[in-house]
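# Secondary and tertiary structure notes
The chain contents come next:
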Amino acid sequence: MVKLNMYKILFTLFIFSTSMFAQSFHFQEIRYNNALDKSKTLEGNISFVKNGLLIDYTDKKQSLHYINAILEYTKDEKIITLDEKNAQRIKEYFDILILLHDADEKKLEEDFIVEKDAQTLLLTPKTIIKNFIKKIKLTKEKNELKSVQLILNNGDLITINISNEIS
Amino acid sequence: MKYLNYILLLALLVSAFFLKEHLHISTNLASLFAPKEKLQELNIANKLGYSNDILIAVKGFEYSAKTTVRELTKELQKLEQVTSVQSSLAPSLELQLYFKTFYPLLSDFNHTKQTQLSIHQTLQELYDTQFSIFYTPINANDPLGLFKLPSTQKLKQGSYGYILRVKTTVSTSQILEATQLYEVVKSILKPYPNVISFAPFYYTVENSRAIKKDVQLIIVLSTVVLLFIYFILLKNIKLLLHTLITLGSSMLFATLTSTLLFKEFNILSLAFGMSITAVSIDYLLHYYFHHFYSSSKRVEKNVLYGFLTTATAFGLFSFIEIPLIAQISSFTLLSLSFAYLVFTFVFPHLNIPAYQEQKHQTLTTQKISAYFVFSLSLGLFIYTAFTLKLDTNIRHLDYQNLNLQKVEQTFKESNTNRLYPKIVQANSLETLVFHLHSLNTSPFLLSQKECNEKKNILKNYDFLTLKQTLHLEAKNIGYKPTYFDNAYDFAMELPECKAVTVDDFKRFGLSLYQEKNIYYTLALIDNPDKALSITSILKNATKDMYKELMQFSFYVVGIIIILLIISVKRKFIYALNYILFPVGVTLFILSFLGSLNLMHFFSLIILIAIGIDYGIYMANSHQKQRTSLAINYSLLSSFAAFGVLVFSSITALYSIGLTISLGLFFIFILTKLMK
């Protein structure tokens, strides 16, 4: 089994998923951890900017900037530049999340099998990410995206609920 | 006999038609400059596609840039000349599958024995990370992180944007194929304003176009000067026609003979040789102005001496171990000999109207002694010997394509992963892989021997005990009891080790070439000193060429002095000045202007060839005014052939033009000033 840096992959995927909610949003993220059989909730704001994303975890005083393929992590106002060891794979996933943000179905169909009904869009990966992500479920309300669910192969489940636009 | 000139040309054209299958003109410039032992290396490098890649950069990192990368990849993969397209986005699916299958054998395995304590600590650290803001997935198959894939040499990108590397079958020496691919790639990239591309063969295409334009201009200029000489000054169309036929026949004869004699006769040698052929016009002019064609003489002694001395000089240079000079000299020897024979033995039968004497103003000037000119020339040579600087960079001779150089620089700055090619060879693929690994490259290529060795290590490792301890500690910390049930199973179900194949090399985009049971590939290494560098090979070769050229020039000048003594006897200092003075003053001026390149030196050799004839004519002339007139017209025709190159924007041609123009000017001065 190929060991990949799942953290980075999924973290990027998370960034992208949230980026689809437009310019700047408040979000709540619920992570179910299969290994521990426990869930955890995080809250914050996400801004979708040119060439990247900015995320603030308001409750943790931590933020992440992902611009021009460089990921920066700020904790207690100290910037920590994260290494680019897996930059190649991150960029691949960055594509997916941009795709999700754009919600361009034609482009989505290049990387996913797309199944849709009135409220949901179910994406099954066709490319390498199928090794890590089983499915992505997007839920809409009145044509606005309300939640994204990442169903992972290791049994973990990440649900991101979007509450409101803040700018 | 009066049709003999036409018959000769026709015979040569017919020969060319029948011999066309055997005539090979090489366009490989490296073969002219590189020493023999390095030539093979360069040939192999070319076969391995050393300079065949196209680099394409898509500006920016936004999604539209990625879309462009995908679109371009698809388009480029359709091209027949493209073997692979590698982007900085992701490895291919085929590669990913390969990594997955051979993961335990490709990975660096930490086979130190894991204690209960170390297992507990690792699992505890992993458990703690689950509560940070970062989502850290747990690898249930290898929670202790015992397996690590070695890092690859991927195509990295700098600040510019995404980069694509397109491997092609086209090299810099294939002008036709390079032009076709250049056109297709440019048309694919045209709709994308934010995309730039570069390939070494772009220089071949763009520079050859610029050179073509330049040469066209020069041909026009040259033709204008020649027409001026013949129509305005000589007013003799028949002479012009026969002269052009003779020059054409001489070049054709030399081309046919040279391409049959030399295994790889180069196009550059051909071009130079053809230009030098124009020097033979001075035989004709000397005959014409001295009424040789209307006299009963069979041979004109001065022209014969001039020809023999020039022929001896080029004959000697044809033995030099510098392919370019050897080829040019041989070609010149053949073409000048042919032209001399035609001008001497055929032209008297062509009924060319005799030269009509015209009144010419005699320039009365203060005459300078030959000994003074000789001393001055020697002084200039000695001064130049101490101040001379040599330019050993062959690339400086080319057309300076500033736009492309700028693009190339952008790629150099953009690609932060600086790797340099090195040829690796072995008598089997297995050994080749071993050599690649010893250079710390291509870690994902697995030889059968290495594969079996790793397999043995993994087979002998006690994974079962490890799993038991892992279960126990995971449960104690608080993990789900069944979560690590399948841990390390992948390390106990190993794939079969197979011998390395050609396909394995292809999979990783590694070029492979086999010749006489030896396999060659190009490894990318980070040490430029150990890498293959055509620039440094050519630089070293050029240094050696300068040395050899100097040595040979001494021998040739020695022989010329002896021949001049025989030809002009006591007046040999006077005749020698026609070589020493123009060469000495030109060298002095050139060294004053900057460093001297290879083309300056070639031009000085041509200047020697021109100077020898004039020296002999002037030294032995009883009709100095006529001889001087013949020389002046001859100088003009030489200027038409070489001097106009001074208007070229290509350094190599400009250097020749400048050197010859200066030399011709100082020969002219000499005809007026020296007594």
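Each value, and the rule that gives it
Residues numbered from 1 in each chain as written. Chains lettered and ligands numbered in written order. Predicted model: local features only at pLDDT ≥ 70, side-chain atom pairs only at ≥ 80, totals over all residues. Heavy atoms only, no water. Pairing = 2+ DSSP bridges. Helix = DSSP H or I, 4+ residues; strand = E, 2+ residues; numbered from the N terminus. Axes fitted to C-alpha atoms, helices over the stretch in contact; angles between N-to-C directions. Buried < 20%, exposed > 50% of the residue type's maximum accessible area, 1.4 Å probe, protein only. Polar contact = N/O pair within 3.5 Å; in protein donor to acceptor, adjacent residues only side chain to side chain. Contact = heavy atoms within 4.5 Å. Disulfide = S-S within 2.5 Å. pLDDT = per-residue confidence, 0-100. Parallel < 35°, antiparallel > 145°, perpendicular 65-115°, else oblique. Left-handed = near helix turned anticlockwise from the far one by under 90°. Nonpolar A, V, L, I, M, F, W, Y, C, P; charged D, E, K, R; others polar.

With that settled, consider the sheet that holds strand β6 (residues 161–168) of chain B. Strand pairing in a sheet relies on backbone hydrogen bonds, with the paired strands running either antiparallel or parallel. Residues and elements named next belong to chain B. Sheet architecture is open: four strands sit in the order β3-β6-β2-β7, paired in antiparallel fashion. A strand with exactly one partner marks an edge of an open sheet, and here the two such strands are β3 (82–87) and β7 (195–198). Strand-to-strand, the axes of this sheet are offset by a mean angle of 20 degrees, without reference to chain direction. Inspection of the sheet shows strand β2 (residues 54–59) paired to β7 by four bridges, in the antiparallel sense. Note on β7: the bridge partner recorded for V58 is V195.

Residue and element names in this part refer to chain B. Along the chain, T344 falls in helix α13 (residues 323–346). By relative accessible area, which is 1% here, T344 ends up buried. A distance of 2.6 Å separates polar atoms of two side chains, one belonging to T344 and the other to Y287. Those residues in contact with T344 that sit more than four places away from it in its chain are Y287, F292 and R298.

Residue and element names in this part refer to chain B. Taken as a whole, this structure holds one disulfide over all chains when the rule is applied. Between the sulfur atoms of C451 and its disulfide mate C497 the distance is 2.0 Å. Residues C451 and C497 are joined through a disulfide that is left-handed, its torsion about the S-S bond being -75 degrees. Highlighted residues: C451 in helix α17 (residues 448–459) and C497 in the loop between α18 (463–477) and α19 (502–507), separated in sequence by 46 residues.

With that settled, consider the confidence of the model for chain B. Interpretation of the predicted coordinates at a detailed level should be avoided for regions scoring low in pLDDT. Here chain B averages 83 in pLDDT, while 92% of its residues score no lower than 70. Element-level mean pLDDT values for chain B span from 64 in helix α2 (residues 30–33) of chain B up to 93 in α18 of chain B.

This brings us to the packing of helix α21 (residues 572–593) of chain B against helix α22 (residues 598–620) of chain B. Residues and elements named next belong to chain B. The geometry of α21 relative to α22 is characterised by a closest axis approach of 7 Å and an angle of 150 degrees between their N-to-C directions. One element, α21, and the other, α22, form an angle in the roughly antiparallel class. Crossing of α21 over α22 shows right-handed handedness. Packed against α21, whose contacting residues are Y574, A575, Y578, I579, P582, V583, T586, L587 and L590, the element α22 presents H600, L604, L607, I608, G611, I612, Y614, G615, I616, M618 and A619 at the interface. By residue class, the composition of the contact of α21 with α22 is 16 nonpolar, four polar and no charged.

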